[in-house]
Amino acid sequence: MSDVRLKVGGRNYTVACQDGQEAHIERLAGVIDNKLSTMGANLSNQEAKNLLFAALLLADELDEAQSAPPPPPPQAAPDFDSARLATQLERIAGALENAATTLES
């Protein structure tokens, strides 16, 4: 176990976490701290109440994200038949050569 020092809402906290999870816990604390800072004038004098409201706002965002319909699957690239495409390109090249020859004459 490892101890991580966090600063959330202007206060310092020490929490225990599994070894190797320190950066993840610090990032999550940063999310909470950012949410508190966006509350601005809505902050109360009660620290626990502020943290509760920040947690409720984050839980609401998470709930909305989880209940949103999944994005449509990406469109599959069309299957090209390379031999057919090569034949068409040769035909187009031949037509362009004929047009150039006609224009030159």
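This text goes with the structure placed above it.
Residues numbered from 1 in each chain as written. Predicted model: local features only at pLDDT ≥ 70, side-chain atom pairs only at ≥ 80, totals over all residues. Heavy atoms only, no water.

> I'd like to hear about the pairing of strand 2 (residues 11-17), residue by residue, with values.
With seven bridges joining them, strand 1 (residues 2-8) and strand 2 adopt antiparallel strand pairing. By the bridge assignment, Lys 7 is partnered in strand 2 with Asn 12. The turn linking strand 1 back onto strand 2 is made up of two residues, and Gly 9 within it adopts a positive phi angle of 65°. (Pairing = 2+ DSSP bridges. Helix = DSSP H or I, 4+ residues; strand = E, 2+ residues; numbered from the N terminus.)

> Tell me what's going on with the side chain of Ser 2, and back it up with residues and numbers.
Secondary-structure assignment places Ser 2 in strand 1. For Ser 2, a relative accessible area of 16% gives the class buried. Of note is the side chain of Ser 2, whose polar atom sits 2.8 Å from the side chain of Glu 22. Other than its neighbours up to four places away in sequence, Ser 2 contacts Val 15, Ala 16, Cys 17, Asp 19 and Glu 22. (Buried < 20%, exposed > 50% of the residue type's maximum accessible area, 1.4 Å probe, protein only. Polar contact = N/O pair within 3.5 Å; in protein donor to acceptor, adjacent residues only side chain to side chain. Contact = heavy atoms within 4.5 Å.)

> Tell me about the pattern of salt bridges, and please be specific about residues and values.
One pass over the full model with this rule turns up two salt bridges. For Glu 47, the salt bridge identified is with Arg 11, shortest N-O distance 2.3 Å. Of the two residues, Glu 47 is situated in helix 2 (residues 47-67) and Arg 11 in strand 2; the sequence distance between them amounts to 36 residues. One salt bridge in this structure joins Glu 61 and Lys 35, with 2.3 Å as the shortest N-O distance. Within this pair, whereas Glu 61 is found in helix 2, its partner Lys 35 is found in helix 1 (residues 22-39), the two being separated by 26 residues in sequence. Look at Lys 35 and you get buried, because its relative accessible area is 16%. (Salt bridge = Lys/Arg side-chain N within 4 Å of Asp/Glu carboxyl O.)

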